[in-house]
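Structural features, examined
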Amino acid sequence: MLLLSSVTPVIKYVFQHSHVQPIGLASLRVMIGFLLLLSMTWLLDRRGLLSLSLKDLARLGSIGLLGVFSYAISAWGLMNTSVVHYALIYGLLPSLTAGLSVVFGHDRITAPKGIGILLSLAGCIVALYFAAPHEEAAFQFGDWFVLLFTVMMSAHIVFSSSVVKRFGVMVSNTVMFGSSSLVLSVGSMAWPNAGPDD
């Protein structure tokens, strides 16, 4: 939790004090994750990695684009909103995941679950509009990207659960990070830089 909570303010600081573009930063984050995952998977589950067919790679890659690629959307949102807004909106992840799990038939709705989802949504709205200082309370442009990122991550969690059970955690995440890393790397090379990267 300490590592996860430190990522957002650090990335915001990078955007405020350098010319790094969101897609470039997302590409770097995902590339580091992919290289670490590939090394560990090669040592621990090489057989599972080498047994994947092209169809399996395409399936894992498409689910990876839904979740891992969304880091670029997350970075774009953070560049255009405050850390407080980002944290409050991203806090909706468990509720949105539970809601999508019910919608797609992976889970059943119960009264406590439904009430929890509604309370989480209401709490986020109250915190955004009433708990923050007046100048920060308005819904900002980047908030929509953070909300989209949160929905994409929720969908990724729901749709990848059965796939991860089939292929294993290490193999699945390695391929998902690898496919997203490839797409983000190509995108970051094509994206025009606003200035020299620090």
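Keep in mind that what you see is a predicted model, and the values were worked out from it rather than measured.

Turning our attention to the confidence of the model for the protein. Chain-level statistics for the protein give a pLDDT mean of 84 and a share of 91% at 70 or above. Taken element by element, the protein is modelled with least confidence in helix H9 (residues 134-137), mean pLDDT 56, and with most confidence in helix H2 (residues 22-44), mean pLDDT 90. Taken together, the stretch residues 194-198 has pLDDT below 50 and engages in nine contacts with residues farther than four places along the chain or on a different chain.

Another point: the packing of helix H5 (residues 70-79) against helix H10 (residues 141-167). It is at 7 Å that the axes of H5 and H10 come closest, and there the two elements cross at 155 degrees. Judged by the angle between their axes, H5 and H10 are roughly antiparallel. Crossing hand, H5 versus H10: left-handed. Contacts between H5 and H10 involve Ser70, Tyr71, Ile73, Ser74, Trp76, Gly77 and Leu78 from the first element and Phe141, Gly142, Phe145, Val146, Leu148, Phe149, Met152 and Met153 from the second. Of the residues in the contact of H5 with H10, the class split is 11 nonpolar, four polar and no charged.

Moving on to the pattern of salt bridges. With the rule as written, the count across this model stands at one salt bridge. The closest approach of N and O atoms between aspartate 56 and arginine 166, which form a salt bridge, is 3.8 Å. On the criterion of sequence distance, the pair formed by aspartate 56 in helix H4 (residues 54-67) and arginine 166 in helix H10 is long-range, its members being 110 residues apart.

The rules behind each value
Residues numbered from 1 in each chain as written. Predicted model: local features only at pLDDT ≥ 70, side-chain atom pairs only at ≥ 80, totals over all residues. Heavy atoms only, no water. pLDDT = per-residue confidence, 0-100. Helix = DSSP H or I, 4+ residues; strand = E, 2+ residues; numbered from the N terminus. Contact = heavy atoms within 4.5 Å. Axes fitted to C-alpha atoms, helices over the stretch in contact; angles between N-to-C directions. Parallel < 35°, antiparallel > 145°, perpendicular 65-115°, else oblique. Left-handed = near helix turned anticlockwise from the far one by under 90°. Nonpolar A, V, L, I, M, F, W, Y, C, P; charged D, E, K, R; others polar. Salt bridge = Lys/Arg side-chain N within 4 Å of Asp/Glu carboxyl O.

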